[in-house]
Amino acid sequence: MNYQAILESIQSELKDYKNTGKVATYIPELGKVDASKFGLHLNCINGNHYHLGASQERFSIQSISKVLSLAFALKLEGNKLWNRVDVEPSGDPFNSLVQLEYEKGIPRNPFINAGALVVSDILMSHLKNPKEDFLKYVRDIAGDQSIDYDTSVAASEMQHKYRNAALAHLMKDFKNIKNDVDALLDFYFHQCAIAMSCQQLAQAFSIFLNYSKQDQSQQALAVPTMLAKRINALMLTCGFYDESGEFAFRVGLPGKSGVGGGIVALHPKHYSIAVWSPPLNEKGNSELGMKVLELFTSKTEISVF
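To start, this report covers the structure provided alongside it. (Residues numbered from 1 in each chain as written. Predicted model: local features only at pLDDT ≥ 70, side-chain atom pairs only at ≥ 80, totals over all residues. Heavy atoms only, no water.)

Going through the model one piece at a time under the given rule, you end up with eleven aromatic pairs. Centre to centre, the rings of Tyr188 and Phe189 are 5.7 Å apart; their planes meet at 45 degrees, and the pair counts as tilted. Both residues of the pair, Tyr188 and Phe189, count as buried. (Phe/Tyr/Trp six-rings, centres within 6.5 Å; stacked < 30°, edge-to-face > 60°. Buried < 20%, exposed > 50% of the residue type's maximum accessible area, 1.4 Å probe, protein only.)

A separate point is the sheet that holds strand S3 (residues 59-60). Ordered by their spatial adjacency, three strands build an open sheet running S3-S5-S4, and the pairing between neighbours is antiparallel. In the strand order of this sheet, the two ends are held by S3 and strand S4 (148-149), each with one partner. Strand direction decides the pairing type here: S3 and strand S5 (residues 194-196), joined by two bridges, are antiparallel. The partner of Phe59 across the bridge, within S5, is Met196. (Pairing = 2+ DSSP bridges. Helix = DSSP H or I, 4+ residues; strand = E, 2+ residues; numbered from the N terminus.)

What follows deals with the pattern of salt bridges. A side chain of one charge can pair with a side chain of the opposite charge if their charged atoms are brought near each other. Scanning all chains against the criterion turns up eleven salt bridges. Close ionic contact of Glu57 with Lys37 constitutes a salt bridge, the shortest N to O distance being 3.0 Å. Within this pair, whereas Glu57 is found in the loop between strand S2 (49-53) and S3, its partner Lys37 is found in the loop between helix H1 (3-13) and strand S1 (39-44), the two being separated by 20 residues in sequence. (Salt bridge = Lys/Arg side-chain N within 4 Å of Asp/Glu carboxyl O.)

Two orientations exist for strands paired in a sheet by backbone hydrogen bonds: parallel and antiparallel. Read from one edge of the open sheet, five strands run S2-S1-S8-S7-S6, paired in antiparallel fashion. One side of each edge strand has no neighbouring strand; the edge strands of this open sheet are S2 and strand S6 (255-257). Neighbour to neighbour, the strand axes of the sheet diverge by 5 degrees on average, direction disregarded. In this sheet, strand S7 (residues 262-267) lies alongside S6 in antiparallel orientation, the contact comprising three bridges. Counted as the bridge partner of Ser257 is Ile263 from S7. (Axes fitted to C-alpha atoms, helices over the stretch in contact; angles between N-to-C directions.)

Below, the discussion takes up the packing of helix H2 (residues 65-77) against helix H4 (residues 113-126). It is the contact of H2 with H4, at a shortest axis distance of 9 Å, that shows an interaxial angle of 45 degrees. Classified by the interaxial angle, the pair formed by H2 and H4 is oblique. Seen from above, H2 lies across H4 with left-handed handedness. Between H2, through Lys66, Ser69, Leu70, Phe72, Ala73, Leu76 and Glu77, and H4, the contact on the second element is made entirely by Asn113, Ala116, Val119, Ile122, Leu123 and His126. When its residues are assigned to classes, the contact of H2 with H4 shows eight nonpolar, three polar and two charged. (Parallel < 35°, antiparallel > 145°, perpendicular 65-115°, else oblique. Left-handed = near helix turned anticlockwise from the far one by under 90°. Contact = heavy atoms within 4.5 Å. Nonpolar A, V, L, I, M, F, W, Y, C, P; charged D, E, K, R; others polar.)

Phe134, Ile194, Met196, Leu201, Phe205, Phe208 and Ile231 are the most contacted members of the largest nonpolar core, which totals 66 residues. A total of eight residues in this core trace back to one element, the largest contributor, which is H4. The next biggest cluster of nonpolar side chains, apart from the first, holds 27 residues, and it includes Ile10, Phe247, Val251 and Leu295. (Core = buried A, V, L, I, M, F, W, Y, C linked by side-chain atoms within 4.5 Å.)

The end-to-end C-alpha distance of helix H5 (residues 130-142), which contains 13 residues, comes to 18 Å, matching closely the 18 Å that a straight helix rising 1.5 Å per residue would cover. Within the sequence span of H5, burial applies to Pro130, Phe134, Leu135, Tyr137, Val138, Arg139, Ile141 and Ala142. Count one or two residues on from H5 and you reach Gly143, which has phi positive near 65 degrees. (Expected span 1.5 Å × (residues − 1).)

Contact geometry of H1 with helix H13 (residues 287-300) gives a least axis separation of 10 Å together with a crossing angle of 135 degrees. Between H1 and H13, the crossing angle belongs to the class labelled oblique. Judged by the twist between their axes, the crossing of H1 over H13 is right-handed. In this structure, H1 contributes Tyr3, Ile6, Leu7, Ser9, Ile10 and Glu13 to the contact, and H13 contributes Val292, Leu295, Phe296, Lys299 and Thr300. In terms of residue class, the contact of H1 with H13 is built from seven nonpolar, two polar and two charged.

This next bit is on the state of the cysteines. Evaluation of the coordinates by the stated rule reveals zero disulfides. Among the cysteines around Cys44, which has no disulfide bond, Cys198 carries the closest sulfur, lying 15 Å off. (Disulfide = S-S within 2.5 Å.)

Looking now at unusual backbone geometry. Phi at Gln62 is positive, roughly 50 degrees, even though this residue is not glycine. Classification of Gln62 by relative accessible area gives buried; the value is 3%. Here the phi dihedral of Lys104 falls at roughly 55 degrees; this positive angle occurs in a residue that is not glycine. Residue placement: Lys104 occurs in the loop between helix H3 (98-102) and H4.

Set out below in structure tokens:
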């Protein structure tokens, strides 16, 4: 299949697309990003790569990091993790306090903020140097040691931490947070503030593609088959907050979004694809990113369905 021609046809089709999304401003540093930025990178299992636009420009991956922290935590904690976080779609905003109160401090899934805080708490209990060790994990799976935290974004998030602090303190009261809350928030915000490009993200998410790599060093980093199945299922059902059903309906791939405007999606045993466009729709997902991925699976006629 001529993927590059398909990508270029999508770009041409969207030349006059009216993007009604808005760049996230509740984290002030994110609001400084140029709304016109766009990048895409497609990573196929046969080793071929295809790209459009600013595919190598780095941006704050935000909640996309939750998939990587979950994979790392499961590697360390195993299935005991599921005693502290559920696997159901939330149907509510990603930072809802109400649902957490009703459900006695057990988050609905690992991809809402409360769930990601529990996963971060588990990592803190296992890692001697959480921020350094998590960054090393991300660098290793992406195959790029230059990846780093955007400390200005992390600091901006810490200055506006109130909702996430409320979530963490509420779960602490329910005894589902074990570590110091301020240290936990600092670690969590740094995860979200990792800066990566579409190319780096597509490469990192290849660990969930569920195929045997020829490179043994990379094979050691791949997620085991059953675990990849479960993480992919969570991305499909919970990866886009209360718009996950819409993404599954329109795109038909497991994936994860972030309020930095990034989306990563994948087709097991075929490809991983990352797209970046900062303006978000009302649900907090990249408006153009969702449209591009919908056109991609429609034109290729390849999805998990």
